[in-house]
Amino acid sequence: MEYTFLDNQINFCRLVVENNELTLYQNENIVLKSQGLKVNSYYSNPLAPIYDNKYLFLIDYDKGVQIIDDYSNIFLKIKAVWKAFIVNDILILVKHKTICFIDCKTKTLIKSINQSENYQEAFYENYVLFYRLHRNNTYLWDSNKNKIYHLINIGKSDEIIRKIIVQDNILYIMKKKRLEKYNLVNDEFTEEISVDGPNNALALGPYYLRFIKVNVNKDIIINLLTEPIQIMKQIYLKFGLFVMGDYANEINYQDDYFKSLVEELHDFFSNSPRRNLKSYDQYIRHWANYGVLEKKFEEYFDKI
């Protein structure tokens, strides 16, 4: 068995399991090797593998969770996991009605909590957003400080959260038609971006969102009353190309060249491999091509 995926640091990983021996390559360098391994999960209904901080997780919806490192290979019979991620050596397993927290160092269940029907979660570096977790209450957990923010003034909607960003005590929440902002100091909730009508957010694919590093330029103020291309320039300068492209709709612009650039960006993500970059060379080419697109947009916005 061979499986390729990207880890939390956007490295290309290749997992090979042969004759009870597992080898994990990160950017074609061996980072984990385990012999005499019995892979209990992973074959019937697997999630993509997760690798972070020397821990490898193999998760199967029907069987359970396997945690592998240099010293141990532990199998936990926690079934029906449909989403998983790791922050600060805590593995968070999302089931349909509960959320489980696993200590990766001890390979044990810390706690399990219930969730509401309209609950969503998202993570960014050491932060986890538990959106409408219980009775419409939303919390942001800073795992570095083990601090929990109760977001008492946050707006509530059933729109899917695509990505969160936390910078300078501001939480940004990306949704399909809007980008919301929550000030963690004074509990002020505002709307940063709002898109009317159809947009091409789905064309870019939510898979890539977690692999794009966003550095927010807090000095840029977005004026939604300006011309559409100027709005896109402001979003680009504040959040970067990916966020801009996620809210851009090529039918809104009169400039044919800019329209073609937006189409090229959307086609790039629509036609590129969503979950399986098959080789390290393909991975390198993929992000090199994204860099070419970034350069084109940078040169265009410099001229207007």
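I will try to describe carefully the structure that is included in this document. The written sequence of each chain sets the order in which its residues are numbered from 1. Where totals are concerned, whole chains, interfaces and linings use all residues; where local detail is concerned, this predicted model gives features only for residues with pLDDT of at least 70, and gives and counts side-chain atom pairs only at 80 or more. Side-chain descriptors were evaluated using all non-hydrogen atoms of the structure, hydrogens and water having been removed beforehand.

1. What to know about the packing of aromatic side chains
Two numbers describe a pair of aromatic rings. These are the distance of the centres and the angle of the planes.
Moving on, step 1. The aromatic pairing rule takes the rings of Phe, Tyr and Trp, using the six-membered ring of Trp, and pairs them if the centres are within 6.5 Å, calling planes under 30 degrees apart stacked, those over 60 edge-to-face and the rest tilted. Counted according to the given criterion, the structure contains 18 aromatic pairs.
Moving on, step 2. Summarising the aromatic geometry, the rings of Phe-258 and Tyr-300 are spaced 5.2 Å apart at their centres and angled 25 degrees between planes, so their arrangement reads as stacked. Placement of the pair is Phe-258 in helix α4 (residues 256-271) and Tyr-300 in helix α5 (residues 280-303), with a sequence separation of 42 residues.
Moving on, step 3. Working definition: with a 1.4 Å probe on protein chains only, accessible area under 20% of the residue-type maximum means buried, over 50% means exposed, and in between means partly exposed. The exposure class of Phe-258 is buried, given its relative accessible area of 0%.
Moving on, step 4. Each residue in the set Tyr-236, Tyr-253, Tyr-257, Phe-258, Phe-297, Tyr-300 and Phe-301 is aromatic and connected to the rest through ring pairs, giving one cluster.
Moving on, step 5. When the ring centre of Tyr-25 is taken as origin, the NZ or CZ atom of Arg-14, which lies over that ring, is 4.3 Å away. To qualify as a helix, a DSSP run of H or I must reach at least 4 residues; to qualify as a strand, a run of E must reach at least 2; elements of each kind are numbered from the N terminus. Any Lys NZ or Arg CZ found within 6 Å of a ring centre and within 35 degrees of that ring's normal is scored as a charge over the ring.

2. Some points on the sheet that holds strand β19 (residues 178-183)
Moving on, step 1. Two strands pair under a simple rule: DSSP has to find at least two bridges between them. Here four strands make up an open sheet; going across it, the order is β17-β18-β19-β20 and the pairing antiparallel. Edge strands, defined here as strands with exactly one partner in the open sheet, are β17 (161-167) and β20 (189-194). Shown here is a sheet whose adjacent strand axes are inclined to one another by a mean of 20 degrees, direction ignored.
Moving on, step 2. As defined by bridge partners, β17 adjoins strand β18 (residues 170-175) across six bridges and the pair is classed as antiparallel. By the bridge assignment, Val-166 is partnered in β18 with Leu-171.
Moving on, step 3. Residue contacts are defined here by distance: any two heavy atoms, one from each residue, within 4.5 Å place the two residues in contact. As a rule, the C-alpha atoms of each element are fitted with a line to give its axis, helices using only the stretch in contact, and angles between N-to-C directions run from 0 to 180 degrees. Relative to the sheet, helix α2 (residues 228-239) contacts β18, β19 and β20, its axis offset from that of β20 by approximately 125 degrees.

3. Remarks on the sheet that holds strand β13 (residues 120-124)
Moving on, step 1. Taken together, the four strands give an open sheet; going across it, the order is β13-β14-β15-β16, and neighbouring strands pair in antiparallel fashion. The open sheet has two edge strands, β13 and β16 (147-150), and neither has a second partner. Each strand axis lies, on average, 20 degrees off the axis of its neighbour in the sheet, ignoring direction.
Moving on, step 2. Where β13 and strand β14 (residues 127-134) come together, five bridges link them in antiparallel fashion. Bridged to Tyr-124 within β14 is Tyr-127.

4. Brief notes about the pairing of strand β2 (residues 12-18)
Moving on, step 1. Within β2, six of the seven residues are buried, which leaves the element mostly enclosed by the surrounding structure.
Moving on, step 2. Inspection of the sheet shows strand β1 (residues 2-6) paired to β2 by five bridges, in the antiparallel sense. Bridging from a neighbouring strand, Thr-4 pairs with Arg-14 of β2.
Moving on, step 3. Strand direction decides the pairing type here: β2 and strand β3 (residues 21-26), joined by six bridges, are antiparallel. Bridge pairing links Val-16 to Thr-23 in β3.
Moving on, step 4. As consecutive antiparallel partners, β2 and β3 are separated by two residues, and within that stretch Asn-19 has a phi angle of approximately 50 degrees, a positive value.

5. Quick look at the nonpolar core
Moving on, step 1. In this description, a nonpolar core means a group of buried Ala, Val, Leu, Ile, Met, Phe, Trp, Tyr and Cys residues linked to one another through side-chain atoms lying within 4.5 Å. Leu-140, Leu-171, Phe-239, Met-244 and Phe-297 are the most contacted members of the largest nonpolar core, which totals 56 residues.
Moving on, step 2. Ranked by residues supplied to this core, first place goes to α5 with seven residues.
Moving on, step 3. Setting aside residues no more than four positions away along its own chain, Phe-297 makes contact with Tyr-236, Leu-241, Met-244, Phe-258, Leu-261, Val-262 and Leu-265.
Moving on, step 4. Ile-67, Leu-76, Ile-86 and Leu-91 belong to the second largest nonpolar core, which has 17 residues in total.

6. A word on α4
Moving on, step 1. Relative to the 22 Å expected for 16 residues at 1.5 Å per residue, α4 spans 22 Å between its end C-alpha atoms, a close match to the ideal helical length.
Moving on, step 2. What α4 keeps buried is the set Phe-258, Leu-261, Val-262, Leu-265, His-266, Phe-268 and Phe-269. Angular distribution of buried residues about the axis of α4 spans 150 degrees; they occupy a single face of the element. Along α4, exposed side chains directed more than 90 degrees from the buried face belong to Asp-256 and Asn-271.
Moving on, step 3. Any pair of nitrogen or oxygen atoms within 3.5 Å is treated as a polar contact; in protein, a donor-acceptor pairing is required on top of that, and neighbouring residues in sequence qualify only through side-chain atoms on both sides. Of the residues flanking the start of α4, the one acting as N-cap is Asp-255, its side-chain oxygen 2.9 Å from the backbone nitrogen of Tyr-257. One less than the number of residues in a helix, times 1.5 Å, gives the span that helix is expected to have. The arc in question is formed by the directions pointing from the helix axis toward the C-beta atoms.

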